[in-house]
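Coordinate inspection notes
Spelled out from the first residue to the last, the chains are:
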Amino acid sequence: MWMMNDPFFDYARTSSAPIVGSKIKAKTPGQEELMLVSAQHGFRSGLVVPTHTSMAASRRMGLLYIGSELPADVGEPLLLRKRVQFGALGMELLLWWNNRLRKQAMRKYSLVDEEVDLLQLSKKGKVASEIAVLYDINLTAAYKRLNLIKEKFNVDKIEQAVVEADSVGLLG
C-alpha cells in the first residue's frame, strides 16, 4: 500500500496540526525515496494539513498537501501563513467526500433521512420505547420502522444494521 511509504500520511494519522513538509522526517527508505521523487517533480516545499472527521483519525481522515517548487526556506513560510485557509479547504473537501459516501450508502440501502436518524439513535443505545417517545408515535409504529430498517440491511437485529451502517459511513 502506497500509504505505508508516505511520511505525510504517516504524520496525519496521528496528528491534527498543520506542519511544513521539511519538519517531517522520513522513517523508512521508502519514505525517503518518496520525498526525493516529490522534490524532483517540483514539490520542494510544502504544507501538510491533516483533516479528521472526529477525534478518531482511524475512522476517516483526509490529508491536504500543498506543495511549491520554491525552496523550503522560501516557500514554507508563505504556505504556513495561509494554514488556516488551507485547513478550512481541507475540511470542506473531506466533508464533501463524506457526504458523497453517505448518499451512496443511503441509495444502496434505500434509506431515507429518518431511518438514518433511527440508526443513530439505536447506535446511542435508544430502544424502541424511547424512540416511540422521541417521535411521538406508538410502540408498534416504532417497531415497524426499526423492522423496515432491518429488512433493508437484511439482518435479524437492529444492532447488526447499526454496525453495517457505521461501517459504510452513515453514522460517522
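Structure: above.
Residues numbered from 1 in each chain as written. Predicted model: local features only at pLDDT ≥ 70, side-chain atom pairs only at ≥ 80, totals over all residues. Heavy atoms only, no water.

With that out of the way, let us pick up the overall build of the chain. Along the backbone of the chain there are eight helices and three strands. Along the chain, helices (α) and strands (β) appear in the sequence α-β-α-β-β-α-α-α-α-α-α when read from the amino end. At 22 Å, the chain has a C-alpha radius of gyration far larger than the 16 Å of a compact globule built from 172 residues. Out of the 172 residues belonging to the chain, those deemed buried represent 37%. Counting every atom, the chain has about 10800 Å² of accessible surface; 56% of that belongs to carbon and sulfur. A gap of 2 Å separates the mean positions of the 23 positive and 19 negative side-chain charges of the chain. (Helix = DSSP H or I, 4+ residues; strand = E, 2+ residues; numbered from the N terminus. Rg over C-alpha atoms; globule rule 2.2 N^0.38 Å. Buried < 20%, exposed > 50% of the residue type's maximum accessible area, 1.4 Å probe, protein only. Areas by Shrake-Rupley, 256 points an atom, 1.4 Å probe, with all protein chains shown as cover. Lys, Arg positive; Asp, Glu negative; His and termini not counted. Charge placed at Lys NZ, Arg CZ, Asp CG, Glu CD.)

Its place among the elements puts Ser68 in strand E3 (residues 61–68). Judged by its relative accessible area of 16%, Ser68 falls in the buried class. A sequence separation of 22 residues divides Ser68 from Gly46, and the C-alpha atoms of the two residues are 5.9 Å apart. Not counting residues within four places of it along the chain, the set of residues in contact with Ser68 comprises Gly42, Phe43, Arg44, Ser45 and Leu79. One polar contact links the side chain of Ser68 to the main-chain amide nitrogen of Leu70, over a distance of 3.0 Å. (Contact = heavy atoms within 4.5 Å. Polar contact = N/O pair within 3.5 Å; in protein donor to acceptor, adjacent residues only side chain to side chain.)

Our next topic: the sheet that holds strand E1 (residues 19–20). Read from one edge to the other, the open sheet built from three strands follows the order E1-E2-E3, with strand pairing classed as antiparallel. The sheet is open, and its two borders are formed by E1 and E3, each paired with just one other strand. When strand E2 (residues 45–52) meets E3, the two strands line up antiparallel, connected through eight bridges. Within E3, the residue paired with Ser45 across the bridge is Ser68. Where helix H1 (residues 7–14) meets the sheet, it contacts E1, E2 and E3, and its direction lies at approximately 135 degrees from that of E3. The sheet contacts of helix H4 (residues 83–108) involve E2 and E3, and relative to E2 the element is tilted by about 45 degrees. (Pairing = 2+ DSSP bridges. Axes fitted to C-alpha atoms, helices over the stretch in contact; angles between N-to-C directions.)

Purely spatial values, then, with no claim about function.
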